[in-house]
Amino acid sequence: MKQTDSLKRIEMPNPNINNEYVCYGDKMKSLNFEPGELKAAYQRHESKLLSMAEKAAWDYLLDA
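First things first, this report covers the structure right here in the doc. (Residues numbered from 1 in each chain as written. Predicted model: local features only at pLDDT ≥ 70, side-chain atom pairs only at ≥ 80, totals over all residues. Heavy atoms only, no water.)

1. Focus on the overall build of the protein chain
Looking only at helices and strands, the protein chain has two helices and zero strands in total. Taking all 64 residues of the protein chain together, 8% fall into the buried category. Surface exposure of the protein chain reaches about 6000 Å², of which carbon and sulfur atoms provide 55%. (Helix = DSSP H or I, 4+ residues; strand = E, 2+ residues; numbered from the N terminus. Buried < 20%, exposed > 50% of the residue type's maximum accessible area, 1.4 Å probe, protein only. Areas by Shrake-Rupley, 256 points an atom, 1.4 Å probe, with all protein chains shown as cover.)

Structure follows, in structure tokens:
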């Protein structure tokens, strides 16, 4: 971000009031998936999913 850019307020749908996680990756890891396909799919694609979430956040912040 450039210094001339204004800050953008981000509303969290699930606030981290008790500081239970420090990043989105920790939040995702704390979710309890049912055993089976969904959990396996998340584990196989975890890095890609987190990368996509990070890119979406930066795009939002930079109004890309």
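2. Looking at the pattern of salt bridges
In the structure shown here, the tally under the stated rule is one salt bridge. A salt bridge links Lys55 to Asp59; its shortest N-O distance comes to 2.6 Å. Within this pair, Lys55 and its partner Asp59 are both found in helix H2 (residues 37-62), separated by four residues, close to a single helical turn. Using a relative accessible area of 28% as the deciding quantity, one classes Asp59 as partly exposed. (Salt bridge = Lys/Arg side-chain N within 4 Å of Asp/Glu carboxyl O.)

3. Here we look at H2
End to end, H2 covers 35 Å across 26 residues, agreeing with the expected 38 Å (1.5 Å per residue, within 8%). Along H2, the sharpest kink reaches roughly 70°, centred on His45. (Expected span 1.5 Å × (residues − 1). Bend = angle between axes of the 7 residues up to and from the residue.)

4. Notes on the environment of Ser51
By the element assignment, Ser51 lies in helix H2. On the accessibility criterion, Ser51 (40% relative accessible area) is partly exposed. Distance in space between the C-alpha atoms of Ser51 and Gly25 is 9.7 Å, their sequence separation being 26 residues.

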